[in-house]
Structures are given as structure tokens and as C-alpha cells.
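Below, each chain spelled out in residue letters.
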Amino acid sequence: METITHQGRETAYRRSDRGGDGTPLLCVHGSGGTNAVWKSQFRLADDRPVAALDLSGHGDSDDIDATAGYSTLSAYADDVIAVAEETDAGVLVGNSLGGAVVMHVVLEREFDPEAVVLAGTGARLSVNEDLLQWLASDWDRVVEFLHGPGRLFDDPTGDLAELSEQAMRESGRAVTERDFRTCHTFDVRDRLDEIDVPALAVVGANDRLTPPWFHEYLADELPDAALAVVENAAHLAMLEQPRAFNSALEQFFEGL
């Protein structure tokens, strides 16, 4: 892991550069996650440098003192911009909360990526009220719920689901609750026309957390967007079906 210091804290990231001359990627994980969710996307490093960060309070990155909502989203945007500038990233790839962070960067900051990939996310990310309640009072139920069929994984019986559960428990209840409550406040449906860079909305066909119609909406409302649906996958399609997910990204990059 490498680190970058900014705003008085260290943000950790992993980077692979195998000499490819494509525009570098920076991948941003979702609620309660870490850079490890992007492990299969490092296969793309033959064509272009790939980096993935730990947002503040996740993995190896220092935490922040921020309330859920705009303050947290803004701090996470600082993390992304710091790592993007350090790695010369020109394409931002965000999953779930990470997609919200990517859209925030494009809309609110003086950072202009060449393109964005919005995976398992949406222009509005309201969270189930039961889940919000469990986040405050029943952490085990949260982890069990998210690792049910069709949520993080279409088939949550394999090793990937076990690793995901372990990573979420390491991030902890407080950080994960902050993440989900930040998602709950996110709504840029009236500003999508301002995201005027090429975009790919990619979703697992069986994602119940951010279903395909969220991404159809993005593809319809963004000025320059394409849609890709990954079969036999749910919210973490990049982990569950990495070959199909990476192929969708490669086709998108070829069209830029």
C-alpha cells in the first residue's frame, strides 16, 4: 500500500502500473468496503495504470471527524482527488457510495476526469428505513441482511461473500452507518445534465440494492452515457463476475 497525506490525514491506496499507456483509473469502493473490492480490476493494468483507494476510516486510511451527509461526502471527495492527482488518474470508477463520491467530485470540484464509470449506484441513493434502524441498533443483522441473495452478491455462498463480511466487520458499525446515512442524503437527479463527461453505468442484473432501472435512468439522463448489464451478478458485480465487468469497461474505453 502507498499513502498520500492531505488535509492532515493519510489516505492509503494500492496501485499497479505495468507500462500500459491508457488513461489511468482510480477505483472508489462503497459503504463499509475497502480497496480490496477492486482486486480483479487490477487485471486491467496491462493496458493502463490502475489504483484503488481506502476512503477515510476504511482499511488503512486515517479516519475523519465528520457527520454523515455532505460533510462526509466532501471529505471522501478530498480523498479521491488527492489520490487521483498523485496517480494521474483520468478515469474515476465508483461503486455504490463510491459512485456518489465520483459524481460529487465532477459536480462540486475543479477536477475534470476524462470519463467516469458508475457501478451499482444511482443519482439518488435512499436507504431502506429498516436497514438504517438496524445500523444503529443491530450490527449483526445489518451484515447478515447485506450478504443475503441479490444484495451484495447474487449468490452469497462462496468465499467472496465471506471475505466481504470480514471486511465490513473490520470497517465497523460506526463507519458503515456513516456511509449508509451519507448515501441516504445523496440526490443529484436534478444535476445530471452537468456531468458532461463520457459515462458508463454498469450494474449486476440481479442487484436489489441499486437495481438496473437506477442505471437505465443514469444512461438516459446523463449527457453522454452508455449502459452495461452484468449477468449473474448483484451489487458487487466487479467481484462476482470480474471478466464480464472488465470487458464492459474495456469496450467503454475503446469508444472514448
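Residues numbered from 1 in each chain as written. Predicted model: local features only at pLDDT ≥ 70, side-chain atom pairs only at ≥ 80, totals over all residues. Heavy atoms only, no water.

Visitor: Where do I start with the overall build of the chain in this structure?
Guide: Summing up its helical and strand segments, the chain has nine helices and eight strands in all. Relative to a compact globule of 256 residues, whose C-alpha radius of gyration would be 18 Å, the chain shows 16 Å and is just as compact. Once the C-alpha set of the chain is aligned to its principal axes, its extents read approximately 45 × 40 × 40 Å. Within the chain, residue pairs in contact and separated by at least 24 positions form 75% of the contacts whose partners lie at least 6 positions apart. Summing over all exposed atoms, the chain offers an accessible surface of approximately 10800 Å²; the carbon and sulfur share of this is 40%. If the 19 positive side-chain charges of the chain are averaged to one point and the 47 negative ones to another, these points end up 5 Å apart. (Helix = DSSP H or I, 4+ residues; strand = E, 2+ residues; numbered from the N terminus. Rg over C-alpha atoms; globule rule 2.2 N^0.38 Å. Contact = heavy atoms within 4.5 Å. Areas by Shrake-Rupley, 256 points an atom, 1.4 Å probe, with all protein chains shown as cover. Lys, Arg positive; Asp, Glu negative; His and termini not counted. Charge placed at Lys NZ, Arg CZ, Asp CG, Glu CD.)

Visitor: Even after reading the chapter, I still don't get the pairing of strand S6 (residues 115-119), so can you show me in this structure?
Guide: Each regular strand carries side chains that alternate between the two faces of the sheet. Of all the five residues making up S6, five are buried; the element is thus mostly covered by neighbouring parts of the structure. Where strand S5 (residues 91-95) lies against S6, five bridges are found, and the strand directions are parallel. Looking at the pairing, Val-91 lines up with Ala-115 of S6. Where S6 and strand S7 (residues 199-204) come together, four bridges link them in parallel fashion. Within S7, the position partnered with Ala-119 by the bridge is Val-202. (Buried < 20%, exposed > 50% of the residue type's maximum accessible area, 1.4 Å probe, protein only. Pairing = 2+ DSSP bridges.)

Visitor: Which parts of the structure should I look at to understand the packing of helix H1 (residues 70-87) against helix H2 (residues 97-108)?
Guide: Relative placement of two packed helices is described by the angle separating their axes and the distance separating the axes. Contact geometry of H1 with H2 gives a least axis separation of 9 Å together with a crossing angle of 80°. With respect to each other, H1 and H2 are oriented roughly perpendicular. Together, Tyr-70, Leu-73, Ser-74, Tyr-76, Ala-77, Val-80 and Ile-81 of H1 and Leu-97, Ala-100, Val-101, His-104, Val-105 and Glu-108 of H2 make up the contact between the two elements. Residues that form the contact of H1 with H2 fall into these classes: ten nonpolar, two polar and one charged. (Axes fitted to C-alpha atoms, helices over the stretch in contact; angles between N-to-C directions. Parallel < 35°, antiparallel > 145°, perpendicular 65-115°, else oblique. Nonpolar A, V, L, I, M, F, W, Y, C, P; charged D, E, K, R; others polar.)

Visitor: What is the right way to read the pattern of salt bridges from this model?
Guide: A pair can form between side chains of opposite charge whenever their charged atoms are brought close. Taken as a whole, this structure holds 13 salt bridges when the rule is applied. Arg-124 is the salt-bridge partner of Asp-187, the closest N and O atoms lying 3.8 Å from each other. Pair noted here: Asp-187 is in the loop between helix H6 (173-185) and S7 and Arg-124 is in the loop between S6 and helix H3 (129-137), with a separation of 63 residues, a long-range link. Across the pair Arg-169 and Asp-140 runs a salt bridge, and its minimum N-O distance is 3.0 Å. Taken as a pair, Arg-169 in helix H5 (residues 159-171) and Asp-140 in helix H4 (residues 139-146) lie far apart in primary sequence, 29 residues in all. Classification of Asp-140 as partly exposed rests on a relative accessible area of 48%. (Salt bridge = Lys/Arg side-chain N within 4 Å of Asp/Glu carboxyl O.)

Visitor: Looking at this structure, I do not really get the sheet that holds S6. What am I missing?
Guide: Spatial strand order, S1-S2-S4-S3-S5-S6-S7-S8: eight strands in an open sheet with mixed pairing. Only two strands of the sheet have a single partner each, and these edge strands are strand S1 (2-6) and strand S8 (225-230). Direction aside, neighbouring strands of the sheet carry axes that sit 20° apart on average. Lying over the sheet, H2 contacts strand S3 (25-28), S5 and S6, oriented at roughly 140° with respect to S5. Sitting on the sheet, helix H9 (residues 242-254) touches S3, S5, S6, S7 and S8, and the angle it makes with S6 is about 155°.

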